[in-house]
Amino acid sequence: MENEQELKRTLLYEQVADMLEQAIVCDHFEGERLPSEQHLAEKYNVSRTVVREALKLLRERGLIDSKTGSGAYITRPEEQNLSDVIARIIRTSNIDYGDVYDVRSILETVAARRAALHVTEKELEEMEEYLKKTRDLNLSAKERAEYDYQFHYMIAKASRNSLLVMLAGALGLVFKEVIELSSDMEGSMDDGIRRHKEILDALRLRDAELAEHMMYGHIYQSKCYCMEMLEKRREHETKNTEAKRRTSGERYIL
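Below, the structure is looked at part by part.

Basis of the calculations
- Residues numbered from 1 in each chain as written.
- Predicted model: local features only at pLDDT ≥ 70, side-chain atom pairs only at ≥ 80, totals over all residues.
- Heavy atoms only, no water.
- Helix = DSSP H or I, 4+ residues; strand = E, 2+ residues; numbered from the N terminus.
- Polar contact = N/O pair within 3.5 Å; in protein donor to acceptor, adjacent residues only side chain to side chain.
- Contact = heavy atoms within 4.5 Å.
- Expected span 1.5 Å × (residues − 1).
- Core = buried A, V, L, I, M, F, W, Y, C linked by side-chain atoms within 4.5 Å.
- Buried < 20%, exposed > 50% of the residue type's maximum accessible area, 1.4 Å probe, protein only.

1. Regarding the side chain of Thr109
Part 1 of the reasoning: Turning to its location among the elements, Thr109 is positioned in helix α5 (residues 97–118).
Part 2 of the reasoning: For Thr109, the side chain forms a polar contact with the main-chain oxygen of Ser105, separated by 2.6 Å.
Part 3 of the reasoning: When residues no more than four places from it in sequence are discounted, the contact partners of Thr109 are Arg104, Glu212, Met215 and Tyr216.

2. Side note on helix α10 (residues 188–204)
Part 1 of the reasoning: An ideal rise of 1.5 Å per residue puts 24 Å on 17 residues; α10 measures up with 24 Å between its terminal C-alpha atoms.
Part 2 of the reasoning: Looking one or two residues beyond α10, the residue adopting positive phi is Arg206, at roughly 60°.

3. Observations concerning the environment of Val25
Part 1 of the reasoning: Along the chain, Val25 falls in helix α1 (residues 2–25).
Part 2 of the reasoning: A sequence separation of 51 residues divides Val25 from Arg76, and the C-alpha atoms of the two residues are 9.6 Å apart.

4. Some words on the nonpolar core
Part 1 of the reasoning: The biggest cluster of nonpolar side chains holds 44 residues, and the ones touching the most others in it are Met127, Ile155 and Leu203.
Part 2 of the reasoning: With residues up to four places along the chain from it excluded, the contact list for Ile155 reads Ala111, Ala112, Ala115, Met127, Ile199, Leu203 and Met215.

5. Some words on unusual backbone geometry
Part 1 of the reasoning: We note that Asn94 has phi near 55°; this positive angle belongs to a residue other than glycine.
Part 2 of the reasoning: For Asn94, the location among the structural elements is in the loop between α4 (79–92) and α5.
Part 3 of the reasoning: Positioned with a positive phi, Arg160 is a non-glycine residue whose angle comes to about 65°.
Part 4 of the reasoning: Summarising the element assignment, Arg160 is placed in the loop between α7 (141–158) and α8 (162–170).
Part 5 of the reasoning: On the accessibility criterion, Arg160 (39% relative accessible area) is partly exposed.

Take a look at the structure:
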């Protein structure tokens, strides 16, 4: 009986949170501030304790921010927060980097095709700047991966598809991880710079088919570099493990 009551309480505050989320998404609240806990309790015919738990859940979802003595204010989940969450999910779920590249290929070939039709001169100039920055030999691998990613993110923005831009931002952290990993392979940096230039040239020509083709080739080759680097690391780890075992065995015999 006690478990059943607990379940009902849990379901109740989740239901209130879902209703509040729907109201927030549909802009049913005027301004950025939510009504008081007492007002919400009366509105949904629940206790203030249920409302408080519902608001806590909305904070976890990144939809509100509570300020002491001032109430709860509507916020929007930021791309960085989403990126952190997605990266953790990918790591804990053991999702293969090959799958990450497949998603990159799907999203970025579409972005390149659309960008060729909508890109502005200012955006082309920004892409050119990121391309120049990646040529700096003094950059760390992480810095180069950041500029590389920003080049691709600019293409997503130029696609004029808001959801595509959100997805590119939300997947930014894991995209930068695979970019940095692939850049460890010999020749990958020069190859990436060359392919970025080819993509940029296709965008300047406003050639959607060529831009899509060049982007596909770039992502595919980058995936090959990444998979090869992962294989090298696995081989290295295997050799180190075997060496440690042999050393341990020799010490045991002695």
